[in-house]
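Breakdown of the fold
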Amino acid sequence: MNRSPEASERVLVPRAPALVAGFREIVWLSPEGEIAALSPGEARARLDFGRGGETPMVCHARAVARRLDATGFAALDLLELFAFVRPAQFCVPTPRGLAAALGLATPRTMAEACIALATAARALLQQLQAETDPGIRALAMAAERAGWAWGPAVLAALPPAEPAALRRAAGLRAWQSLAEWQERAPPPPPGNLPVSAADARTRLAALLGAAAEARPQQADYAASVAAAFAPRDRPDQPQAVLAEAGTGVGKTLGYIAPASLWAEQNQGTVWVSTYTRNLQSQIAGELDRLYPDPVQKRRHVVVRKGRENFLCLLNYEEAAQAANARGAQSVAPLALIARWIGATAAGDLVGGDFPGWLAELIGRGRVGALADRRGECIHSACPHFRRCFVEKNVRAARHARIVVANHALVMAQAALGGLDDANVPTRYVFDEGHHLLAAADAAFSVRLSGQEGRELRRWLLGAETGRSRARGLQRRIGDLVEAEDEAGPVLIEALVAARILPADGWHQRVAEGHGLPGFEGFLALVRRQVLARAANGDAGYGIEAEARPPIDGLVEAAGRLAAGLDRLAAALRRLAACLRRQLEDPENPPEPGLRQRLDAAVRGLERRADRQLGGWSALLGDLGEPPRPETVEWLALDRVEGAESDVAVNRSWIDPGIPFAQTVVQPAHGLVVTSATLTDGEIDPEIAWHAAEAATGLRHLPERPRAARIASPFDYPAQTRILIVTDIPRDDLGQVAAAFAALMSAARGGALGLFTAVARLKAVHQRIAAALEAQGLLLLAQHVEAMATATLVDIFRAEEDSCLLGTDAVRDGVDVPGRSLRLIVFDRVPWPRPDILHRARKPVFGGPHYDDRITRLRLRQAYGRLVRRADDRGVFVMLDRALPSRLLPAFPDGVPVTRLPLVAAVEETARFLAPGPRQEPA
Ligand code: SF4
């Protein structure tokens with residue numbers, strides 16, 4: 001046993017052991033400084049599960065619990081302390097990440113990581129000694145009373161405060177410290193001055209500064225996309241540019257140059273939309289070049305997200321009141337959230353300054369319940385309306401020069417008619433344009449399911465059982481209804497009609513089956529049809545079946561359900577009409593706050609009546625009719641880890657580009673659709689561009705868009721290798737796992753393993769995690785760790801020799817420059833899933849070429865992750881020897897592609913990635 005050098009000088013740190021858990025090794029540092037390696041069983045035997053034991057310091061208690069196969073033990077989680085001391089700040093949630101964030105020495109072994117936890121605790125507690133705000137002490141006292149493990153140490157570290165100051169302090173009433181928004185006059189419509197190619201180049205040069213190295217590709221790109229900012233000549237034909245920019249071109253600043261110029265000279269707003277919330281943050285970061293002054297940037301740049309992303313202060317207040325009243329343990333997590341509310345820039349819980357790991361520690365469900373997920377906002381009737389994060393975000397976006405949005409929000413605005421914004425943008429840049437149709441598909445499809453029905457019932461009736469705080473219609477608009485004689489009875493009629501929707505426990509009743517009425521009875525028949533028709537009914541994963549021909553009784557049940565839903569929709573429309581009368585009353589016009597509330601209530605009711613219930617009713621009516629040419633319908637039984645989670649009837653557009661073009665593209669005056677992967681390497685460029693126009697919806701414009709392709713500046717043939725392993729049977733998971741381990745070991749980490757199925761990923765992880773850890777290589781895995789994908793990617797990026805296993809979300813969302821990503825291993829050729837929707841789309845997206853095109857784009861996407869900077873090097877390995885040569889144009893010209901046995905692939909990987917001077921084989 002070793003003795004830690006820190007053992008002798010504990011001033012503030014609780015006298016507690018420290019615990020670090022890997023998959024193979026678990027290290028325990030005693031308060032006396034003794035370090036021991038334990039088995040999971042030995043570690044569990046030391047912990048406090050409420051019957052006595054020790055409370056160790058850990059980093060990310062949930063992840064540690066998963067690795068120890070133990071839940072419910074007491075722990076001093078350093079991440080909780082970090083969140084309390086440094087709210088709204090980020091750190092990678094590992095001992096090394098903590099050390100880096102606090103400027104401490106980097107731990108290199110697990111024993112050092114244990115010591116680092118104690119050192120980090122001391123550093124954080126010392127920081128608290130300088131905090132003079134009595135509000136922090138008041139919060140710590142509340143958390144301590146609720147049993148927060150860090151409470152005593154935090155209170156010991158904080159300076160004392162006067163009782164009167166503590167009484168005055170906001171404590172959990174965190175909203176008190178927030179500034180209120182001020183109403184501003186609406187902006188005038190934007191002008192129509194164009195941006196020339198030369199102006200775009202000049203603006204780009206200014207953004208980059210005189211000292212920047214020349215990047216001719218970036219300037220060419222900026223000049224090409226400037227055409228999208230010319231005035232429109234026809235009402236149905238925006239100025240459209242489809243621009244492919246290889247990795248490394250620097251497309252973000254490339255399009256920001258003309259976009260910012262247009263916005264300034266026309267007093268307008270350009271919406272830059274990307275695929276994920278993390279990419280939104282990345283783009284917002286690059287806008288520092290445009291507005292180096294943070295005050296200016298706050299004025300002119302807004303990261304716009306859907307309201308379900310923001311903390312709702314009313315939900316928070318209700319949660320805090322309930323927890324306080326019960327003296328519940330949840331006071332401590334709420335105290336951490338209160339600290340964050342006081343420090344956050346925008347109140348954004350997803351991808352903003354709320355650390356992803358904090359949601360993992362507190363519980364995603366608990367954090368999600370603090371957002372306005374179900375549209376229960378009561379607008380100006382809310383006591384926090386003028387401090388509301390959602391309201392601030394919506395208002396700021398109206399006056400911004402650049403709004404950084406995401407595709408899902410833009411599509412939802414279009415599909416649902418404006419949502420929170422009456423002002424529809426006229427200029428867009430769609431980055432990550434290859435994801436546009438997936439977002440359009442989600443927004444314009446119809447899904448009638450048990451869960452959706454349950455959600456609507458909750459929106460209408462509120463919480464009927466249990467501890468839920470859901471506010472129903474009566475609670476949200478009861479006071480508005482009182483002003484109208486007719487409205488009260490109509491509201492009651494709507495609430496009675498809503499009882500047709502599925503109630504809690506519908507799953508069980510539907511699975512059991514017979515004699516159910518209404519919605520649940522219909523779902524039972526849907527489930528029966530899926531189980532009868534699906535080829536793989538016993539599979540543990542979700543299954544589906546064609547909607548036609550229906551089994552006996554389904555069409556009749558659909559008709560009865562449609563009639564019930566129509567009654568509900570009619571009542572909601574009448575209720576909306578009553579409220580609208582108040583809005584349009586010339587003699588007694590409502591004051592602005594009330595007007596906004598009435599307006600939101602009317603829109604919410606009409607949206608549910610027309611879009612949701614109307615869409616469901618039409619779908620149900622069509623089940624007995626022949627299929628329509630533009631849509632496809634199918635039935636589904638969803639399962640999560642073998643358990644049934646939903647029963648649904650789905651309708652999708654076969655080409656979601658049609659509604660996207662009609663509602664977003666054609667009303668716009670100008671748009672850029674851009675990506676690194678719009679074309680798939682197809683030999684004939686004309687065919688490739690036609691396919692790109694189809695895949696982005698732009699083929700539905702009267703005139704074709706301008707096309708631009710700017711090649712990557714990277715030297716891919718020198719910087720990368722592509723290896724296809726020829727001797728691994730893809731269905732032999734033992735051999736596949738061994739191949740992953742050998743290749744990751746040859747690269748000494750920095751490896752991304754990509755899988756086409758979660759079950760294969762888990763099987764490989766289970767076989768190789770301990771072996772890699774024995775070599776000092778951390779193996780992270782999506783679907784295995786108690787961490788979200790974004791957290792895993794953060795760790796993977798920060799820990800240069802770690803490895804990560806993942807599926808599609810990892811393939812499409814990883815941006816890891818440098819040595820942290822130097823090897824990609826694919827387990828199988830990523831063919832599209834041959835489901836009912838795919839089969840329906842095939843004829844309209846290229847027939848026999850559709851599968852190849854999708855697969856080439858996926859390979860291209862994955863390969864593109866390897867080289868993010870001019871000095872990156874990487875190896876791409878396909879373990880599936882069935883990769884056909886016709887897919888190889890997915891990769892850049894000139895990159896060597898070698899088919900070889902595993903042993904040779906391992907050698908080549910080690911050789912190519914070895915640091916130091918390069919040695920090419922003879
Ligand atoms: S205005 Fe709406 S979203 Fe904002 S805090 Fe109040 S209820 Fe929540």
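Data block above holds the structure.
Now for a look at the structure at hand. (Residues numbered from 1 in each chain as written. Predicted model: local features only at pLDDT ≥ 70, side-chain atom pairs only at ≥ 80, totals over all residues. Heavy atoms only, no water.)

**Some words on the site of the ligand**
In the vicinity of the ligand, the residues found are Arg307, Cys312, Leu313, Leu314, Cys377, Ile378, Cys382, Phe385 and Cys388. Given that more than half its atoms are within 2 Å of the pocket grid, the ligand belongs to the largest cavity. Looking at the shell around the ligand residue by residue, the classes come out as eight nonpolar, no polar and one charged. (Near = heavy atom within 4 Å. 1 Å grid on protein atoms, 1.4 Å probe; cavity = no way out; pocket = protein on both sides within 12 Å on 5 of 7 lines; lining within 4 Å. Sits in = over half its atoms within 2 Å of the grid points. Nonpolar A, V, L, I, M, F, W, Y, C, P; charged D, E, K, R; others polar.)

**A few points about the sheet that holds strand β9 (residues 402-406)**
Spatially, the seven strands line up as an open sheet ordered β8-β9-β7-β10-β15-β6-β16, and their pairing is parallel. Edge positions in the open sheet fall to β8 (301-303) and β16 (706-710), since each of these has one partner strand only. Direction aside, neighbouring strands of the sheet carry axes that sit 15° apart on average. As defined by bridge partners, strand β6 (residues 239-245) adjoins strand β15 (residues 670-675) across six bridges and the pair is classed as parallel. Its bridge partner being in β15, leucine 242 is matched across the sheet by valine 673. Sheet strands in contact with helix α29 (residues 685-696) are β6, β15 and β16, and its direction is about 115° off that of β6. (Pairing = 2+ DSSP bridges. Helix = DSSP H or I, 4+ residues; strand = E, 2+ residues; numbered from the N terminus. Axes fitted to C-alpha atoms, helices over the stretch in contact; angles between N-to-C directions. Contact = heavy atoms within 4.5 Å.)

**Some thoughts on the packing of aromatic side chains**
A full pass over the atoms with the stated rule returns 18 aromatic pairs. Relative to tryptophan 357, the ring of phenylalanine 82 lies with its centre 6.2 Å away and its plane at 70°, an arrangement referred to as edge-to-face. Of this pair, phenylalanine 82 sits in helix α3 (residues 78-85) while tryptophan 357 sits in helix α16 (residues 356-362), and the two are 275 residues apart along the sequence. With relative accessibility at 1%, the residue phenylalanine 82 sits in the buried group. Judged by its relative accessible area of 1%, tryptophan 357 is buried. Relative to phenylalanine 660, the ring of phenylalanine 430 has its centre 5.8 Å away and its plane inclined at 75°; by these criteria the two rings are edge-to-face. Highlighted residues: phenylalanine 430 in strand β10 (residues 427-430) and phenylalanine 660 in helix α28 (residues 657-665), separated in sequence by 230 residues. A residue is classified by how much of its surface remains accessible, and phenylalanine 660, at 0% relative accessible area, is buried. Three or more aromatic residues joined by ring pairs make a cluster, and in this case those are Phe714, Tyr716, Phe826, Tyr863, Phe876 and Phe891. A cation over an aromatic ring shows up here: arginine 395 above the ring of tryptophan 181, its NZ or CZ 3.7 Å from the ring centre. (Phe/Tyr/Trp six-rings, centres within 6.5 Å; stacked < 30°, edge-to-face > 60°. Buried < 20%, exposed > 50% of the residue type's maximum accessible area, 1.4 Å probe, protein only. Lys NZ or Arg CZ within 6 Å of the ring centre and 35° of its normal.)

**Some thoughts on helix α31 (residues 733-746)**
Under the 1.5 Å per step criterion, the end-to-end length of α31 is 20 Å for 14 residues, consistent within 8% with the ideal 20 Å. Among all positions in α31, only Val736, Ala737, Ala739, Phe740, Ala741, Leu743, Met744 and Ala746 are buried. Two residues or fewer after α31 comes arginine 748, characterised by a positive phi angle close to 55°. (Expected span 1.5 Å × (residues − 1).)

**Notes on the sheet that holds strand β14 (residues 643-653)**
In space, the four strands of this open sheet follow the order β11-β14-β13-β12, with antiparallel pairing throughout. The two strands at the open ends of the sheet, each matched to only one other strand, are β11 (446-449) and β12 (543-546). Between one strand axis and the next, the sheet turns by 25° as a mean value, whatever way the strands run. Where β12 meets strand β13 (residues 631-640), four bridges bridge the pair, whose relative direction is antiparallel. Within the sheet, the bridge partner assigned to alanine 545 lies in β13 and is leucine 635. The strands that helix α25 (residues 518-533) touches are β11, β12, β13 and β14; relative to β13, the one it contacts most, it runs at about 90°. Each of β11, β13 and β14 is contacted by helix α27 (residues 592-622), which is oriented at about 85° to β11, the strand it contacts most.

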